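The residues making up each chain are set out below.
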Amino acid sequence: MAHPLNKLVVEPLDSNLEASCCAVREKDACWEYGDKLDGNRVRCRFCHKVINGGISRFKFHLSQIPSKGVNPCIRVTDDVRAKVIALIEAKESQRELELLKRKRVAELSVLPKRTRELSSQPSSPGPSTSPAISPAVEPTQLLGLEVPALVPRLSGAAIKPRQAPGLEAERCIAEFFFENKLDYSIADSISCRHMLDTLVGQGFRGPSADVLRTEWLPKLKSEILQRTEEIEKDWVTTGCTILADSWTDNKLKALINFSVSSPLGMFFLKTVDASPHIKNHRGLYDFFDEVIQEVGPGNVVQIISDRNINYGNIDKLIMQNYNTIFWSPCASFCVNSMLDEFSKIDWVNQCICQAQTITRFVYNNNWVLDLMRKCMEGQELVCSGITKSVSDFLTLQSLLRHRSKLKQMFHSPEYVSSSYANRSLSISCVEILNDDELWRAVEEIAAVSEPLLRVMRDVSGGKAAIGYIYESMTKVMDSIRTYYIMDEGKCKSFLDIVEQKWQVELHSPLHSAAAFLNPSIQYNPDIKFLSTIKEEFYNVLDKVLTAPDQRHGITLELHAFSKTQGMFASNIAKEARNNTSPGIWWEQYGHSAPALQHVAVRIASQEALADQAYVHYNLTLHSESRMATKKKVDGDPIALDHIDMTSPWVEDSDSPNFTQWLDRFPSALDGGDLNTRQFGGSIFGTNDNLFNL
């Protein structure tokens, strides 16, 4: 007999209920600070900016909370800002309470019947009759409900000696607990035992909470510390990069994750709470100064930061107080902002909006979606990328590739005879697919955006960026000039975006120095160095070579490098110019110029993009590294394996289908969250050290 919940049907909202829902929305306290416009937009009464996305995003605009993807209001008063933050915190607290209640109810509902019966019986004051498990039944007050807390305790007789083959399995379980920062008591829960019995087989208990705490935690911590010590030894030669990633947790705290990157690897250092210092740049400076001292000023070559927090003049203060350290922006952030500006050009945005009409119709109707996947042999139409802008341009490319198959699907007898064929949105999709002028514009967009996507792919795929970023951005600009050689207007609109972002936000003197020292660029006859590149390279030399003995002979060494003399002239060195990373090349073949070699290895070994470094846990970092290696072989490094069902390419904010929304997001019903980066609990708490020790 089918479960009655399987027959649940969500009826459409009647007009009265819909009107009442709108009335509730209009009563939101923040409406007094904004004017409701068409298309789910709100105009701020303080700064008069128009915010897309409704009242929720408007609240983040007023609250000035960083990392929410909303430009903060610069004219909102302090009392209004405090009021809005209080409203957001109250809503988050209520949401967490509801999720906790549902989680607790779900846990109780899945307990075996025998366990529930046991928990309802009065506990005997005598010793347990079971040699293996003695359940501790204690009344616990949780969320206002008195429920029995079942914590099975293992007696000594129950713990069998662990065999060597089971150690690897125990290790995996321990890493799973520590990587996800789970409560140790979960390991002793009945459901965890059932899971291990099902997956591994009877007899394998897995590590208990006590074993996790007393054996595996010190063991894994020791291994990580040993690994980091090996990496730190290499800093003297290669130098390192400090990565600062800012984000907001579910308590609305502005946190900064500090990681350290070098050729041998990268590891998480610590997380700090920057909330009290958002308006006090001196406090933020102290955080960076403390990290620099911890890593060692002589080891740090550069600091890479995002732009989610306004760091003010901290970069200038650090470069002033530490003469050999450079401050560089995150290149991935800047390249993505170029793509974002591309998508805001009127005719490009119109193409994206029209293309989204097709994907929304397909993905919001299950029968049409199944037919599409059948016609496209299981391939997806929507491509979710590592950022929204990457998703936009990857999906446009996908639509361009599959246009003919989509046209065949919409004209197939199976579709024409269906009830979907005569719907207005279906007719609009057919018209869009038949619009040759539109698809010529999409071809333009694909051609212009692909060079920037290639930059993202190179670095996300593991290519050391700092030695190539200057050359890559030059190729991007040259490709735009070549493509629009007959259209000066369009050429200027795209070039202005790239050049402005490159010169103002992205470019760093280190990029020029790394390009000059890159053998694949230095010895390429087709590349001529601009005077600005050489000038910036010499400025970097002045900062890095501080001691007089280091400067001695540097002129002769530069001459030997540029004229291919000494070891630079060996056949092995020449053959390795284009297939070896610049840092390794200099380390192996730069002995004819020891002072220049020291500078080149330190500069060319650094990162320019920090996507894969922004992780919150060393075990997570290790897992990400393994997954990244696999992805370099298996797929596109800037494309995700899953589809973001909340993206504009799928979710129709103007006319949502409530039934399909529920079907699409089962995680919304069980406490999961679609955006763990902003709303999920942080893997590390503020000022946490490794494994909370």
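Whatever comes next refers back to the structure up there.
Small disclaimer: the values here were computed from a predicted structure and weren't measured.

Student: Could you give an account of the nonpolar core, with specific residues and numbers?
Tutor: Within soluble globular proteins, side chains that are nonpolar generally end up buried alongside one another. Counting residues in hydrophobic clusters, the biggest one holds 100 residues, and the most contacted among them are I480 and L596. Dropping the residues within four chain positions of it, I480 is found in contact with F342, V448, C491, F494, L495 and V498.

Student: Account for the packing of helix α22 (residues 531–544) against helix α27 (residues 594–604), with residues named and values stated.
Tutor: Look at α22 against α27: their axes get within 11 Å of each other, and the N-to-C directions meet at 100°. Regarding the angle of α22 to α27, the classification is roughly perpendicular. Mapping the contact onto sequence places F537, V540, L541 and V544 in α22 and L596, V599 and I603 in α27. Across the contact of α22 with α27, the residue classes tally to seven nonpolar, no polar and no charged.

Student: Before we move on, can you summarise the sheet that holds strand β9 (residues 300–305) with the specific residues and values?
Tutor: If you walk across this open sheet you meet the five strands as β8-β7-β6-β9-β10, and the pairing is mixed. A single partner strand is all that each edge strand has here, and the edge strands are β8 (265–273) and β10 (326–329). Averaged over all neighbouring strand pairs, the angle between strand axes comes to 25°, with direction disregarded. Pairing of strand β6 (residues 240–248) with β9, which is carried by five bridges, proceeds in the parallel orientation. By the bridge assignment, I242 is partnered in β9 with I303.

Student: Can you tell me about the pattern of salt bridges, naming the residues and giving the values?
Tutor: Within this structure, the stated rule accounts for 20 salt bridges. Its salt-bridge partner being E294, residue K270 comes within 3.9 Å of it at the nearest N-O pair. Of the two residues, K270 sits in strand β8 while E294 sits in helix α8 (residues 281–295), which places them 24 residues apart along the sequence. Judged by relative accessible area, K270 falls into the buried class, the value being 10%. For E294, a relative accessible area of 48% gives the class partly exposed. Among the ionic pairs, E450 bridges to R457, the shortest N-O distance being 2.9 Å. Each of the two residues, E450 as well as R457, counts as buried. Overlapping salt bridges bring together R171, E175, K219 and E223 as one network.

Student: Give me the lowdown on a nonpolar patch on the surface, citing residues and values where you can.
Tutor: A grouping of M195, L199 and V200 is seen on the molecular surface, where their side chains present a nonpolar patch of about 310 Å² in accessible area. With respect to the element layout, L199 can be found in helix α6 (residues 190–199).

Cut-offs applied
- Residues numbered from 1 in each chain as written.
- Predicted model: local features only at pLDDT ≥ 70, side-chain atom pairs only at ≥ 80, totals over all residues.
- Heavy atoms only, no water.
- Core = buried A, V, L, I, M, F, W, Y, C linked by side-chain atoms within 4.5 Å.
- Buried < 20%, exposed > 50% of the residue type's maximum accessible area, 1.4 Å probe, protein only.
- Contact = heavy atoms within 4.5 Å.
- Axes fitted to C-alpha atoms, helices over the stretch in contact; angles between N-to-C directions.
- Helix = DSSP H or I, 4+ residues; strand = E, 2+ residues; numbered from the N terminus.
- Parallel < 35°, antiparallel > 145°, perpendicular 65-115°, else oblique.
- Nonpolar A, V, L, I, M, F, W, Y, C, P; charged D, E, K, R; others polar.
- Pairing = 2+ DSSP bridges.
- Salt bridge = Lys/Arg side-chain N within 4 Å of Asp/Glu carboxyl O.
- Patch = residues over 30% accessible without salt bridge, like charges linked within 9 Å, V, L, I, M, F, W, Y side chains within 5 Å.
- Areas by Shrake-Rupley, 256 points an atom, 1.4 Å probe, with all protein chains shown as cover.

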